[in-house]
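Survey of secondary and tertiary structure
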Amino acid sequence: MRRLALVCVSVLTLLLAACTGSGTAAEGGFVSGDGTITRVPPDQRTPAPAIEGKTLDEKPWSSSSASGKVLVYNVWGSWCPPCVKEAPALVKAAHRTEKIAQFVGLNTRDAAPEQAEAFVREFKVPYPNLFDPGGELVLKFAGQLPLSAIPSTVVIDHQGRIAARVMGEATEATLVGLIEDVAAGR
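Residues numbered from 1 in each chain as written. Predicted model: local features only at pLDDT ≥ 70, side-chain atom pairs only at ≥ 80, totals over all residues. Heavy atoms only, no water.

**Considerations on the pairing of strand β7 (residues 152-156)**
Operational definition: Relative accessibility thresholds used throughout: buried, under 20% of the residue-type maximum; exposed, over 50%; partly exposed, between the two (1.4 Å probe, protein chains only). To qualify as a helix, a DSSP run of H or I must reach at least 4 residues; to qualify as a strand, a run of E must reach at least 2; elements of each kind are numbered from the N terminus. Criterion used throughout: strands pair if DSSP finds at least two bridges between them.
By the criterion of burial, β7 is predominantly enclosed, with 5 of the 5 residues buried. For strand β4 (residues 70-76) and β7, the ladder comprises 5 bridges, and the chain directions are antiparallel. Within β7, the residue paired with V72 across the bridge is V155. As defined by bridge partners, β7 adjoins strand β8 (residues 162-167) across 5 bridges and the pair is classed as antiparallel. Its bridge partner lying in β8, V154 is registered against R165. The antiparallel pairing of β7 with β8 creates a hairpin that spans 5 residues between the two strands, and G160 there sits at a positive phi of about 80 degrees.

Quick look at the structure:
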C-alpha cells in the first residue's frame, strides 16, 4: 500500500512539474511559459519541420496539406491548467482567422487519446489535433524555436518558415495579431 502511494505521489508530481515550471528544458522536461512572444523577421526565418501524424479521430494529417495558409501549432495537454484556461482563446482565434490560418493542436503527455478527445469536445475545438504523448512532434522544433513550455504556440508563414512563438498561454488578441502580421508578410 505504501509503495502504491509513493508511485501515485511521484506520478502526480511529474505531471504537475510539467505544467508548473518545476522542470527545465535542459533536463528534457517542459516548463510553463510566461507568455513571451518571439517574432522572427522574414529574412531570418528558417524552415519549419514537416509535421505529420494521426488526428484524434485517427485520420492522417500532414503539414503539407496546409499550404497557402498560415499554420498555427499549439502544444497542449488536457492535464495542464494553463491549457484549459487558454483553450477558449484558441478556439475564438481559429474561428476569426479561418480564411487565412490553419490551427493544429499537438496534444502531448496525455496518457490516452480519450483524455484529449474529452478536452476537444468540451471546448468545441474546431481544428485537427495530433496525439503526441511522447512529444516526438514537439521535439522536431528543437534547435530552431523550441516549444519547451506547455502551452506553446508557433506560427508558420506561407513559405513554411517559423515566424513567431508564444511561450505559455496566448490570448485571442495576441494570436489574431500574430497571424494577421504573418499573413501580411511581416
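**Concerning the sheet that holds strand β5 (residues 101-108)**
Stated formally: Where helices are involved, their axes are fitted lines through C-alpha atoms of the stretch in contact, as for all axes, and angles between N-to-C directions lie from 0 to 180°. Contacts are residue-level and defined by heavy atoms, with any inter-residue pair within 4.5 Å sufficient.
Within the open sheet, the 6 strands sit side by side as β1-β8-β7-β4-β5-β6. Their pairing is mixed. Edge positions in the sheet fall to β1 (36-39) and β6 (129-132), since each has one partner strand and no second. Direction aside, neighbouring strands of the sheet carry axes that sit 15 degrees apart on average. Each of β4, β5 and β6 is contacted by helix α3 (residues 113-123), which is oriented at about 120 degrees to β4, the strand it contacts most.

**Some words on the environment of L106**
Along the polypeptide, L106 turns up in strand β5. Along the primary structure L106 and Y73 are separated by 33 residues, whereas in three dimensions their C-alpha atoms are 6.7 Å apart. Once residues within four sequence positions are removed from consideration, L106 is found in contact with I51, Y73, N74, V75, W76, L130, L137, V138 and F141.

Read these as layout, nothing more, since geometry by itself doesn't imply function.
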